Amino acid sequence: MLQSIRRGISGGDFQQRASTKLTVINSLLGHPIRQSLHIKVGDKAELTKAFTQNDVVTFSDLTGDTNPLHLNEDFAKKCRFGRTIVHGVLINGLISAVLGTKMPGKGCVFLSQEIRFPAPLYTGEEVIAAAEVKRLKGSIAHIAVSCKVKEREKTVMEGMVKVMVSDS
């Protein structure tokens, strides 16, 4: 019997089961032991978009954010920006689009973000949403993001995000 136990412990079957269990446990904790990510530090992606006033109104309808700074030209003229501006969260949605469709791509999960909005974005301005992988730790990618107005090179959003990269 002892011989049988020793054979089972030293044999490949036990090692395979132990390795599988360790991989499953680590995967549940968000730290897969075996992975080959399809991205690397330095990878970049971007997309370009110009929001219309109709986009802003649709976003307002969907979210309930009816702040007149985004919707009422007369109100906005009296404010510091002089005209209506695009919602910051709508701008941030472009970053989600870059991450989910271009890099890292399908299956990635947005975990956290730290962003700021140094300048307003006006409807009709063409903005470039960009992302660059700065660090990889396990299946977590730390990505620098920005949105800049193409015409004037004005930064309207910038920051860092963390996403869990899909293993497929």
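Relevant structure appears above.
These numbers were taken from a predicted model, which means no experiment stands behind them. (Residues numbered from 1 in each chain as written. Predicted model: local features only at pLDDT ≥ 70, side-chain atom pairs only at ≥ 80, totals over all residues. Heavy atoms only, no water.)

*Asks:* Hey, could you run me through helix α3 (residues 53–63) in this one?
*Replies:* Residue pairs three or four apart in sequence face the same way in an α-helix, which turns once every 3.6 residues. Looking at α3, one finds that the buried residues are Val56, Phe59 and Ser60. Buried residues of α3 fall within an arc of 100 degrees about the axis and therefore sit on the same side. Residues of α3 that are exposed and angled more than 90 degrees away from the buried face: Asn54, Asp61 and Leu62. Against α4 (68–71) and α6 (88–101) lie the buried residues of α3. Just downstream of α3 lies glycine 64, where phi reads positive at about 85 degrees. (Buried < 20%, exposed > 50% of the residue type's maximum accessible area, 1.4 Å probe, protein only. Helix = DSSP H or I, 4+ residues; strand = E, 2+ residues; numbered from the N terminus. Arc of directions from axis to C-beta. Contact = heavy atoms within 4.5 Å.)

*Asks:* I would appreciate a short explanation of unusual backbone geometry in the present structure.
*Replies:* Trans is the prevailing form of peptide bonds, just as negative phi is the prevailing case for residues other than glycine. Here the amide bond leading from methionine 103 into proline 104 is cis, since omega sits at 5 degrees, within 30 degrees of zero. Along the chain, proline 104 falls in the loop between α6 and β2 (109–116). Residue glutamate 153 is not a glycine yet carries a positive backbone phi of 55 degrees. Relative to the elements of secondary structure, glutamate 153 occurs in the loop between β4 (140–149) and β5 (154–164).

Geometry only, nothing functional implied.
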